[in-house]
Amino acid sequence: MQNSKAKMDEFKTKFMDLLHKQTNRQMKIPAMGFSDYFIQTVTADTLSATAVAATATAPSTVINDSDDPTAGDPGSAHAQKSDQEILESIEPCYYMSDRNPQLYELKVLSAGVDYELIERTISQLRTQQKVLNKQVLQNILEQRNACSNEFVAINDTQKKLEESLWTCQKARSYLNYARTNLTTTSLEILASYRKREVLKDVLDTLCAIKKLHTTDVEVQKLLVEHNYSGAIALLLQCKSSAEEFLEYTCVQSLHKKLQETMMLMEFQLDTVLNEMVLNFDMRKYAKLQESYKLLNKSLIAMDQLHINYISAIHSSVNAVLRGYNDPHADEHVKLLYEQMCCQLTADKSIPCLISLCKTFWTILASYYQVVMWHNNYKLYPSEAESPDLYIQEKLKKGQSRIWNDILTKVCIFLQSAHLMTLKYDQFIQVLSIVQRLKKVGIEFCGEQSEKLIETMQQESEEFFRRYHISCVEEICLFLDNESWTAVDSFAHILQLPEFRSVRHTLRRHKSPPVALLASSSSANNSPISNNNCDELVSVHSQEGGSSIYGSYGYFLRFSEKSSPFDGGLDPAMLEEDILSGIVDEASCYFSEESDEEQKSLQSKEFDDSSQLLVNNTALNVLRCIGRYLQMCKLLHCISPKIIASMLELLDFYAYAVHDIFAKDAIVPIGSLYTPRLEQRFRAVEKNVLKQIKMWPLNFSSLANNELANPDTLYGLQQRIVAVEAGQSMLQQFQTLKHYLNHLLPTNERPMLASYLEYEDFMADVAKPVYICVTSHIIDLSAVLAQMAKVKWDVNHVIHQHSSYSDVMNRNIQNFAMRLEEIAKEVPIPNTHVWNSMAHVATHLLVEGFSNVKKCSAGGRALMQLDFANFMSFLELISNQKFPQYGAYVDVFVKTYYFSAEQFEQWIKEQRHGELYSVKQLTNLINCICGSDKRTKQKLLQLLDDCNNAMQHGPTSAHNTGSSTSNLSNVI
């Protein structure tokens, strides 16, 4: 063991020498390990003996001897181990610093001395040492370049440290030289400077005391010039200077006087600040804010300014009302604002309201300019937590407070001003004033003024309810005095003065002026957004005006010296007119278009339009609609109710026309009333007629003279004027469709769309009206008598039509000639008139055919011949086709040719219809089924059951009979 240790020490020494030689000579060391020479340290005999023992006892030992005859034998049981395996086989005790490998080896031999084991262990340790040394050498060689670079860096650092040391030593030598040579001179200079500063302080003190004695004169001069900020700055400066020299007796009295002057100046500032409420001056206000900033009272001044505004509102409204109240009233009796409003007479309501609004505008315009000034100028721009933020927040809250105080005053006035007693134009003017006031509120503080809207909604609903009744009564007066003649030169509703204020708006919401009220469902898809029903904003103000001022607010167009409420009692004080003209600098109003401009505009707009047939009553209805439209424009909150009232006016006119001209028919007209027509008439009876005292009107003179005169075709001209005027009204109302949809909230638009969907409203009214004329054209009793004399049970086919057909043809021809004469006065609605004529004639033929007791095939052929002759003549004269009425007669005649089953099925279908009367069907059954009593009895029983059900069913209020009645009953 000692020998092994000695050899290890010897190896380490040689290895270190080799490293030093390699460093000095820059020699390369082979990457492989040592040669076999370093392992061959045991004699050949010993090695042979050891190899034999190792073969038997320790097969894992590695023998790396080149002289061993079995080392290169491929069939040997032992293979040479790799370097990694040898390194891993080293015992851990050789690596640990706290373990002793000698003791470890001795413990292995504690059982006894085994030389062979010792030799094997030595051989194994040598092999492990060889591999370990080889691995260490490789690691050292791998790190050699890094070690060289590190030595180079260390050498560079050492050189820089030597240079730094030299620089420091040189600097210290220079400093020692300067300290030695310059200290004395510096002390002399400092002493001289101190002496000069002391002399300057003495001189400044003397100058300040001298200036304090002249301050009072300069302050008074600045006050005269209204330079408050300069005076305050001078006072503060002098006060600060005086506090520094209070040890002098002459300065103490002056300091007290400066304090009194400062208090007086603050009082003057508050006085000027109060003047800003009603007379804002930007230059003065800027000086005031600068002065308060110097006094450090900007926030206190802002609080005081708000108090001044609130006080100005209450004092100014009382002053305005006292000016309009009774001048002989006791001045010592102080009335509340509400009491003064109640004592105001109705004729002074609007002038007083305008004066109040002008006063409010002055206050609001002043406050608005204060807000704009603080938005543009910052008093403390450099401070992090600037008081400007508090001032702006205070101003923002003050806007809402001031506006709410004004709204409270206005609402109390409106509730106490007896608006119900005003006329329409006056109430429209109030709406316009309130609308402008609301727009001022939106521009001032962004509030929608719900309180004002609610108040005006209540007042407007009550006013409109009364006004609507008065309009209906006015229409009754026109109906009572109507001559039913056409009015010349009317082409469009924009010709009426009532539509002047909304003319520009209607052009923007223009609907195609078609006669039929089609595609009304598109109103629900209008691009206009949903209007809140509580908005009191005009349509024009929402969309922007057409003038150069339309896109600017009131606060940019007017100042505190002029207001949107100027113009006195001008009844044309409507938003549409204001925003669509040219500004008048004196009154800040926009002028209306001249008469020549209006005529030129109308001629361009209506050149392509045909003249409309209207009468005085229809024009008055349109004028009422125009006035209603003005209220809608100014008061959206009740627009659904107003538009519903417009529809009531149209329905009332149609109801009146029907009541006047559809009562003298001599044939049943019950089947002419459609369910929708009856529904509208019932609505008029329920909602309109019960509210007016003038109904029913007395039209006996017209009925006895014109409507009963055969020479005038029973008043056909008057009937045409009445019906076509209603049709013209509906056509003109169609032009308002898009605009009315814009005024209505979304949930109310289906009401208007449903009304406009009924396209044939006046056409349905025209049917019973014209029947009253055409039922007199043909002598019904004479024709029925002639038809009864015809022999219908002939056995052969007759080629000559019956004589009664010639009588009907002559009556039709005379009627056509009379129509030509009437057409010279008014346009004839040929479709409606000739359809009415065809209705009467075909029903007359069916009635005559149903009275036949016996009829043969030849008789049925004669019926068809007579009918064909009449229809061909009627179509020739009228230049129209009547397939509906032709089928009505043709089917009745052809039932004779039905089989028994077909006839029974046809009877079952007809018992629920209204084409033929029970009497006609009964006669037809008796005629066809005369020989088949069972079938006749069965069919008659079906008709009897149907007749009983119809008699117990509901009847219309307007049905004067049913088409199932017998025409002969009226002969």
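Computed from a prediction, not measured in an experiment: that's the story for all the values here. (Residues numbered from 1 in each chain as written. Predicted model: local features only at pLDDT ≥ 70, side-chain atom pairs only at ≥ 80, totals over all residues. Heavy atoms only, no water.)

You can see Met631 is positioned in helix α21 (residues 616-634). Sequence-wise, Met631 and Leu431 are 200 residues apart; in three dimensions their C-alpha atoms are separated by 7.7 Å. Residues within four places of Met631 in sequence aside, it is in contact with Tyr424, Phe427, Ile428, Leu431, Phe463, Phe464 and Ile642. (Helix = DSSP H or I, 4+ residues; strand = E, 2+ residues; numbered from the N terminus. Contact = heavy atoms within 4.5 Å.)

Bringing the packing of aromatic side chains into the picture now. Considering all chains together, one arrives at 25 aromatic pairs under this definition. On the basis of an interplanar angle of 10 degrees and a centroid distance of 4.9 Å, the ring pair of Tyr888 and Tyr916 is categorised as stacked. Note that Tyr888 is positioned in helix α33 (residues 883-894) and Tyr916 in the loop between α34 (900-910) and α35 (918-928), a separation of 28 residues in sequence. On the accessibility criterion, Tyr888 (7% relative accessible area) is buried. On the accessibility criterion, Tyr916 (3% relative accessible area) is buried. Here a set of aromatic residues connected by ring pairs shows up, and it is made of Tyr309, Trp361, Tyr367, Tyr368, Phe444 and Phe555. Sitting over the face of the ring of Tyr424, Arg627 holds its NZ or CZ atom 5.9 Å from the ring centroid. The ring centre of Phe761 lies 4.5 Å from the NZ or CZ of Arg680, which sits over that ring. (Phe/Tyr/Trp six-rings, centres within 6.5 Å; stacked < 30°, edge-to-face > 60°. Buried < 20%, exposed > 50% of the residue type's maximum accessible area, 1.4 Å probe, protein only. Lys NZ or Arg CZ within 6 Å of the ring centre and 35° of its normal.)

What follows is about helix α27 (residues 749-757). Within the span of α27, buried status applies to Arg749, Leu752, Ala753, Tyr755 and Leu756. End-on view of α27: buried residues confined to an arc of 160 degrees, all on one side of the axis. Contact partners of the buried residues in α27: α22 (639-661), α23 (675-687), α25 (716-734), α26 (737-743) and α28 (761-777). (Arc of directions from axis to C-beta.)

The subject of this paragraph is the confidence of the model for the protein. The share of residues in the protein with pLDDT of 70 or more is 75%, and the mean pLDDT across the chain is 76. Confidence over residues 511-551 falls short of pLDDT 50; this stretch has 107 contacts with residues more than four positions distant or in other chains. In this model residues 959-966 is a low-confidence stretch, pLDDT under 50, and it forms 19 contacts with partners more than four residues away in sequence or in other chains. (pLDDT = per-residue confidence, 0-100.)

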